[in-house]
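Now for the letters of each chain:
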Amino acid sequence: MLTTEVIIIGAGAAGLMCAATAAARGRQVLLLDHANKAGKKILMSGGGRCNFTNLYTEPANFLSGNPHFCKSALARYTQWDFIELVARHGVPYHEKRLGQLFCDHKSSDILAMLLAECTETGVELRLDTSVQAIERVEGGYRLQTSAGAAHCQSLVIATGGLSIPTLGATGFGYQVARQFGHTVLPTRAGLVPFTVTDPALKALCSELSGTSVDCVVSCNGQSFRENLLFTHRGLSGPAMLQISSYWQPGDELVIDLLPGLDALGWLQEQALARPNIELKTLLADVFTRKLAVLLCDSWFASRALKQYAPAELREVAERLGSWRLVPAGTEGYRTAEVTLGGVDTREVSSKTMESQKSPGLYFIGEVLDVTGQLGGFNFQWAWASGHAAGEVV
């Protein structure tokens with residue numbers, strides 16, 4: 001039977017960071033993954049350029065049933081620490097917008113950096129290795145794997161959530177948590193596009209598929225100003241992905257298609273200054289022509305502004321400034337970037353990520369009930385939680 005000091009299950013962002021950190025302390029580390037390649041989610045992230053952190057990371061950017069939990073790890077391994085690591089490896093990067101940092105070239109630069117850190121510190125990485133059973137034994141944990149039995153003092157679960165099953169996501173981490181007495185909070189897809197079934201709305205979205213527009217979307221007390229992207233299935237783009245994490249089935253979204261403008265005041269000013277301009281021509285000044293025409297065809301009878309009664313102008317302003325709709329649902333885990341919910345953090349040490357139910361067992365990354373907003377925050381949680389566990393396992 002293979003005996004080692006630390007076994008980490010899951011060679012994604014959190015697992016790789018934890019492995020390199022622990023091995024740098026002189027710990028003997030075995031990193032296992034059932035996939036044929038490490039860091040698959042890293043490779044596909046950020047459109048292939050990996051949005052690896054955010055300059056403005058703070059606890060407010062994370063959702064959790066226990067909102068204070070993330071503070072300790074984020075404070076002890078910050079975005080600046082990871083940026084320093086990236087710089088040390090000579091990986092070129094840039095800020096795209098809103099503090100989002102991306103690789104100049106490709107996501108594989110970040111994966112190569114993490115693998116280099118693991119190689120340098122002596123981590124043993126075994127791919128194509130699945131774990132069939134885990135039991136607590138004298139002095140640690142015994143695992144039955146597809147490569148045989150293994151024993152360790154410290155066991156780290158870094159298996160992620162349920163999002164994007166085509167990359168190998170499973171509920172394995174939740175099964176382990178339950179086995180050792182942990183509560184697993186209900187999970188659902190987060191940072192995910194919305195679907196619509198209302199015939200008129202579906203037709204509008206389909207016609208506008210590929211069209212993007214700046215907007216402010218609000219739901220349940222949260223608001224985001226980002227782009228909305230119409231798709232054949234519904235609504236996507238950064239604004240929709242952000243708000244999806246705060247949305248529950250049946251909730252209404254309120255979308256301001258004229259962010260930064262008082263819709264009614266603007267229309268009234270335009271009616272005075274340009275009374276003969278047609279509404280769709282006016283809207284083409286702020287939207288694409290296609291969007292302006294289709295919105296008018298779907299929502300308003302387009303005519304010269306002077307032909308609208310004050311009440312009608314208010315109605316137009318209300319629709320543009322507060323478009324209300326109830327999505328049918330989301331596209332689910334298939335396209336979700338993250339999984340909301342997971343292992344209840346009230347049963348895990350916020351300093352070390354160690355289980356309070358089973359000594360020597362640790363949970364890091366997405367398997368925990370900590371979910372970041374869009375923009376590099378989920379990677380920063382992976383680095384911070386992985387580092388926190390790596391310092392003590």
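All values derive from a computational prediction rather than experimental measurement.

Cut-offs applied
- Residues numbered from 1 in each chain as written.
- Predicted model: local features only at pLDDT ≥ 70, side-chain atom pairs only at ≥ 80, totals over all residues.
- Heavy atoms only, no water.
- Pairing = 2+ DSSP bridges.
- Helix = DSSP H or I, 4+ residues; strand = E, 2+ residues; numbered from the N terminus.
- Axes fitted to C-alpha atoms, helices over the stretch in contact; angles between N-to-C directions.
- Disulfide = S-S within 2.5 Å.
- UniProt positions renumbered as here; feature names shortened; annotations may be inferred.
- 1 Å grid on protein atoms, 1.4 Å probe; cavity = no way out; pocket = protein on both sides within 12 Å on 5 of 7 lines; lining within 4 Å.
- Points joined across faces, edges and corners; volume = space filled by probe spheres on them.
- Nonpolar A, V, L, I, M, F, W, Y, C, P; charged D, E, K, R; others polar.

Colleague: So what exactly am I meant to see when it comes to the sheet that holds strand β6 (residues 100–103) here?
Modeller: Strand pairing in a sheet takes place through backbone hydrogen bonds and is either antiparallel or parallel in direction. Strand order in this open sheet of 3 strands is β3-β6-β5, and the pairing throughout is antiparallel. The strands lining the two open edges of the sheet, one partner per strand, are β3 (51–54) and β5 (93–95). Direction aside, neighbouring strands of the sheet carry axes that sit 30° apart on average. Alignment of β5 against β6, held across 3 bridges, turns out to be antiparallel. For Glu95, the partnering residue across the bridge sits in β6 and is Leu101.

Colleague: Can you help me understand the state of the cysteines in this one?
Modeller: Inspection of every chain in the model, using the stated rule, returns 0 disulfides. No disulfide involves Cys152; its nearest neighbouring cysteine sulfur is the one of Cys18, lying 12 Å away. No disulfide involves Cys219; its sulfur sits 13 Å from the nearest other cysteine sulfur, which is in Cys215.

Colleague: Just checking my understanding: could you explain the UniProt feature "domain: RsdA/BaiN/AoA(So)-like Rossmann fold-like" (unreviewed entry) in the protein chain for this structure?
Modeller: Feature annotation in UniProt assigns "domain: RsdA/BaiN/AoA(So)-like Rossmann fold-like" (unreviewed entry) to the following positions: residues 5–391. For residues 5–391, helix accounts for 32% and strand for 25%, while the C-alpha atoms at its two ends are 14 Å apart.

Colleague: What should I look at first to understand the layout of surface pockets in this one?
Modeller: Rolled over the atoms, a probe with the dimensions of a water molecule shows which regions are left empty. In this structure, the second largest pocket encloses a volume near 260 Å³. Residue lining of the second largest pocket: 14 residues in total, with Met17, Thr21, Leu85, Arg88 and Glu117 positioned closest to the centre. Of all the secondary-structure elements, those providing two or more residues to the lining of the second largest pocket are α1 (13–24), α4 (79–88) and α5 (108–121). Taken together, the residues of the lining of the second largest pocket sort by class into 6 nonpolar, 3 polar and 5 charged.

Colleague: Is there a simple way to explain the UniProt feature "domain: RsdA/BaiN/AoA(So)-like insert" (unreviewed entry) in the protein chain in this structure?
Modeller: Under the present numbering, the feature "domain: RsdA/BaiN/AoA(So)-like insert" (unreviewed entry) in UniProt falls on residues 188–338. For the annotated span residues 188–338, helix accounts for 36% and strand for 23% of the residues, and the straight-line distance between the end C-alpha atoms is 9 Å.

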